[in-house]
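Inside the fold
Residues per chain are reported as follows:
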Amino acid sequence: MAKAKMLLDKDFKIAEVDKRIYGSFIEHLGRAVYNGIYQPGHACADEDGFRKDVLELVKELEVPIIRYPGGNFVSNFFWEDSVGPKADRKPRLDLAWRTLETNEFGLGEFAKWTKKAGADIMMAVNLGTRGISDALNLLEYCNLDANSHYSALRRNHGVQEPYHIKTWCLGNEMDGPWQTGHKTAAEYGRLAAETAKAMKVMDPSIELVSCGSSSVDMPTFPEWEAVTLEETYDYVDYISLHNYYGNAENDTEDFFAKTQDMERFIHTVIATCDYIKAKKRSKKTLNLSFDEWNVWFHATQSDNEEMEKHPWQIAPHLLEDIYDFEDAILVGLILVTFLKHTDRLKMACLAQLVNVIAPIMTENEGGAWKQTIYYPFLHASKFGRGTALQSVVHSTMHDSSKHSDVTDVESVAVYNEEKEEVTIFAVNRSVKEDALFEADVTCFEGYHVIEYLALENDDMKVTNAITGEKVTPCRKTQYQLSDGIFTANLKKCSWNVIRFGRK
Ligand code: AHR
């Protein structure tokens, strides 16, 4: 049997969890917007054409910030096409996904939708085919209340109050050869720095994200970070990290070890930021925005065929990965990894939110449903707010085909002082053995177990569907809490959420 011991002390802290690590992403891609969040004429559509069934699920996830409008889409995005009277909006070819963008849904609609969803916007500017002046025009349109052309344009479009969008991404995955307007690190660094400088003159209250690498496996990583940050460091607040994971080899044990790669990615980016900080003798510490992450591989081959053979469709079925049980376990492992790095990781976006590599799916003619990955994200977003604790954890280990010294149990705890609650998130990623888990919570005197939720399944490939959810959390009753020591048997391949409280 695998074994893990965790020791908690409320005074040993990693950092306050920035709720924006539970962000997500809506791109103009496939059915994320059209027939996803927006479908006038659908039985569940509200007065703005927003699907209420989808909004309910988004609200349940308590997503605090949503990145928009891309992704690769943003690199040829003409924001002016997406605002003003709908009758005047022109369709445009989207080169990223080879589809037709009608522009029926745009910036104004997204701002309205996020308000209903209770989320802030993380806006990306096009640094692929456009540049500084277009980024400035967009910022002026969104955030300024001046007697200037683009502020007035927004007011003419019926929006008196500026949107006051705080967080802005300086382009998207500019290191990727697939990106429209792809740049070398030197080219991007200069453009991003000059754009950032000008944007902050216009609105000093904004926060900016400099593009980091599109994955830890990019050949230009981490040189890209070092070269671009030389230019952007003084003007930006975050650097982005993107990474998607897959199990094309059908090697579950190794799939679960991939958060080791994610940790290496995070540590290397932190080291690179701090190297530039030292080199510049800067007092500023740069934080991380992991603004694209998820499992993505199930539908890749059929998507490539669809884009190649049937281009310029409106809202086709693209990137509609159907997630299985093991994907949910990896998502849980990723969330634990994020919580362990909350001292530097301040934002993260689950990519994406609806229909496109998403926890929420819709039927064009029917309802909305929850994928397997919905649940670990829900639990972390709901119960993972407060202070991440620096616990001492000892776990037995194993090797997988491509990784060594893989801990059987990965765990982290979050203490919510205000609510007097502490939650342990623990994943038993052993594919072979259950784990005996012991947590010393003696410093939380008077606390009892509020509930113990788990995702467990013997079938790694089981999925959910509109017709029914085979993967849903269960409530565990087999555990002990005596003299401040919590003990339970964590089933092999399981996600566990153990909530303690005083009330
Ligand atoms: O999220 C899907 C795509 O993945 C995004 O458009 C791009 O930024 C990344 O490669």
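Residues numbered from 1 in each chain as written. Predicted model: local features only at pLDDT ≥ 70, side-chain atom pairs only at ≥ 80, totals over all residues. Heavy atoms only, no water.

Side note on the overall build of the protein chain
In terms of helices and strands, the protein chain carries 11 helices and 26 strands. For 503 residues, the compact-globule estimate of 2.2 N^0.38 gives 23 Å, and the C-alpha radius of gyration of the protein chain, at 23 Å, lies within 12% of that figure. Each of the three principal axes of the protein chain carries a C-alpha extent, and together these read 70 × 60 × 45 Å. A buried classification covers 62% of the 503 residues belonging to the protein chain. Long-range pairs, those at least 24 residues apart, make up 78% of the contacts in the protein chain with a sequence separation of at least 6. A total accessible area of about 19,200 Å² is found for the protein chain, and carbon and sulfur atoms account for 49% of it. Placing the 55 positive and 77 negative side-chain charges of the protein chain at their respective mean positions leaves the two points 4 Å apart. (Helix = DSSP H or I, 4+ residues; strand = E, 2+ residues; numbered from the N terminus. Rg over C-alpha atoms; globule rule 2.2 N^0.38 Å. Buried < 20%, exposed > 50% of the residue type's maximum accessible area, 1.4 Å probe, protein only. Contact = heavy atoms within 4.5 Å. Areas by Shrake-Rupley, 256 points an atom, 1.4 Å probe, with all protein chains shown as cover. Lys, Arg positive; Asp, Glu negative; His and termini not counted. Charge placed at Lys NZ, Arg CZ, Asp CG, Glu CD.)

Observations regarding the sheet that holds strand S21 (residues 435-440)
Reading across from one edge, S16-S1-S21-S25-S24 is the order of the 5 strands in this open sheet, with mixed pairing throughout. What marks the edges here is a single partner per strand, and that holds for strand S16 (392-395) and strand S24 (479-482). Taking the axes of each pair of neighbouring strands and ignoring which way they run, one obtains an average angle of 10° across the sheet. As judged from the 4 bridges shared by strand S1 (residues 2-7) and S16, these two strands associate in the antiparallel manner. Bridged to Lys-5 within S16 is His-394. (Pairing = 2+ DSSP bridges. Axes fitted to C-alpha atoms, helices over the stretch in contact; angles between N-to-C directions.)

Considering the nonpolar core
Membership of the largest hydrophobic core comes to 137 residues, with the highest contact counts inside it found for Trp-168 and Trp-293. Every residue in contact with Trp-293, bar those within four places of it in the chain, is listed here: Asn-243, Tyr-244, Met-262, Val-331, Ile-334, Leu-335, Phe-338, Ala-348, Cys-349, Leu-350, Ala-351 and Phe-377. In this structure, Ala-4, Val-422, Ile-424 and Ala-488 belong to the second largest nonpolar core, which totals 25 residues. (Core = buried A, V, L, I, M, F, W, Y, C linked by side-chain atoms within 4.5 Å.)

Remarks on the packing of aromatic side chains
For the structure shown, the criterion picks out 26 aromatic pairs. Between Tyr-34 and Tyr-38, the ring centres sit 6.2 Å apart and the planes meet at 75°, which makes this aromatic pair edge-to-face. Residue Tyr-34 is classed as buried on the basis of its relative accessible area of 10%. The rings of Tyr-22, Phe-221, Phe-265, Phe-290, Trp-293, Phe-338 and Phe-377 are connected pair by pair, giving a single aromatic cluster. Positioned above the aromatic ring of Phe-25 is the side chain of Arg-67, whose terminal nitrogen or guanidinium carbon lies 4.8 Å from the ring centre. Just above the ring of Phe-78 sits the side chain of Arg-92; from NZ or CZ to the centre is 3.8 Å. (Phe/Tyr/Trp six-rings, centres within 6.5 Å; stacked < 30°, edge-to-face > 60°. Lys NZ or Arg CZ within 6 Å of the ring centre and 35° of its normal.)

A look at empty space enclosed by the protein
This model, assessed by the stated rule, comprises 3 cavities of 30 Å³ or more. As a volume, the largest cavity reaches approximately 100 Å³. Considering the residues around the largest cavity, the lining is formed by 14 residues, among which His-28, Leu-29, Gly-30, Thr-99 and Glu-101 are closest to the centre. If you tally residues by element for the lining of the largest cavity, the top one is strand S6 (residues 99-101), at 3 residues. Across the lining of the largest cavity, the residue classes tally to 8 nonpolar, 3 polar and 3 charged. In this structure, the second largest cavity is lined by Phe-73, Asn-76, Phe-77, Phe-78, Asp-81, Arg-92, Leu-93, Asp-94, Leu-95, Glu-101 and Asn-103. Residues that form the lining of the second largest cavity fall into these classes: 5 nonpolar, 2 polar and 4 charged. (1 Å grid on protein atoms, 1.4 Å probe; cavity = no way out; pocket = protein on both sides within 12 Å on 5 of 7 lines; lining within 4 Å. Points joined across faces, edges and corners; volume = space filled by probe spheres on them. Nonpolar A, V, L, I, M, F, W, Y, C, P; charged D, E, K, R; others polar.)

Re the site of the ligand
With respect to spatial proximity, the complete set of residues near the ligand consists of Phe-25, Glu-27, Gly-71, Asn-72, Trp-97, Asn-172, Glu-173, Tyr-244, Glu-292, Trp-296, Gln-352 and Ile-357. Here an oxygen atom of the ligand and a side-chain polar atom of Glu-27 are 2.6 Å apart. At a separation of 2.7 Å, an oxygen atom of the ligand approaches a polar side-chain atom of Glu-173. For the ligand, whose free accessible area comes to 280 Å², the fraction covered by protein is 96%. The site holding the ligand turns out to be the second largest pocket. For the shell around the ligand, the per-class residue count stands at 5 nonpolar, 4 polar and 3 charged. (Near = heavy atom within 4 Å. Polar contact = N/O pair within 3.5 Å; in protein donor to acceptor, adjacent residues only side chain to side chain. Sits in = over half its atoms within 2 Å of the grid points.)

With respect to the side chain of Thr-423
Along the polypeptide, Thr-423 turns up in strand S20 (residues 421-428). In this structure Thr-423 comes out as buried when scored by relative accessible area, which is 2%. Aside from chain neighbours lying at most four places away, what touches Thr-423 is Phe-383, Val-412, Ala-413, Val-414, Val-497, Ile-498 and Arg-499.

What to know about the environment of Ser-404
Locating Ser-404 in the fold gives a position in the loop between strand S17 (397-398) and strand S18 (406-407). Given the relative accessible area of 46%, Ser-404 is considered partly exposed. Measuring from C-alpha to C-alpha, the distance between Ser-404 and Asp-254 comes to 9.7 Å, with 150 residues separating the pair along the chain. Those residues in contact with Ser-404 that sit more than four places away from it in its chain are Gln-260, His-398 and Asp-399.

Some thoughts on the environment of Asn-496
Residue placement: Asn-496 occurs in strand S26 (residues 494-501). By relative accessible area, which is 0% here, Asn-496 ends up buried. Put simply, Asn-496 and Ile-329 are 167 residues apart on the chain and 9.9 Å apart in space, counted from C-alpha to C-alpha. The contacts of Asn-496, once residues within four sequence positions are left out, are Ile-424, Phe-425, Ala-426, Asn-428, Tyr-452, Leu-453, Ala-454 and Leu-490.

What to know about the sheet that holds strand S9 (residues 207-210)
Read around the closed barrel, the 8 strands follow the order S3-S4-S7-S8-S9-S10-S11-S12; overall the barrel is parallel. Pairwise comparison of adjacent strand axes, ignoring direction, gives a mean angle of 30° for this sheet. Bridging between strand S11 (residues 287-295) and strand S12 (residues 345-350) involves 4 bridges; their strand directions are parallel. If you follow Phe-290 over to S12, its bridge partner there is Ala-348. Running at roughly 155° to strand S8 (residues 167-170), helix H5 (residues 185-202) makes contact with strand S7 (120-125), S8 and S9 of the sheet.

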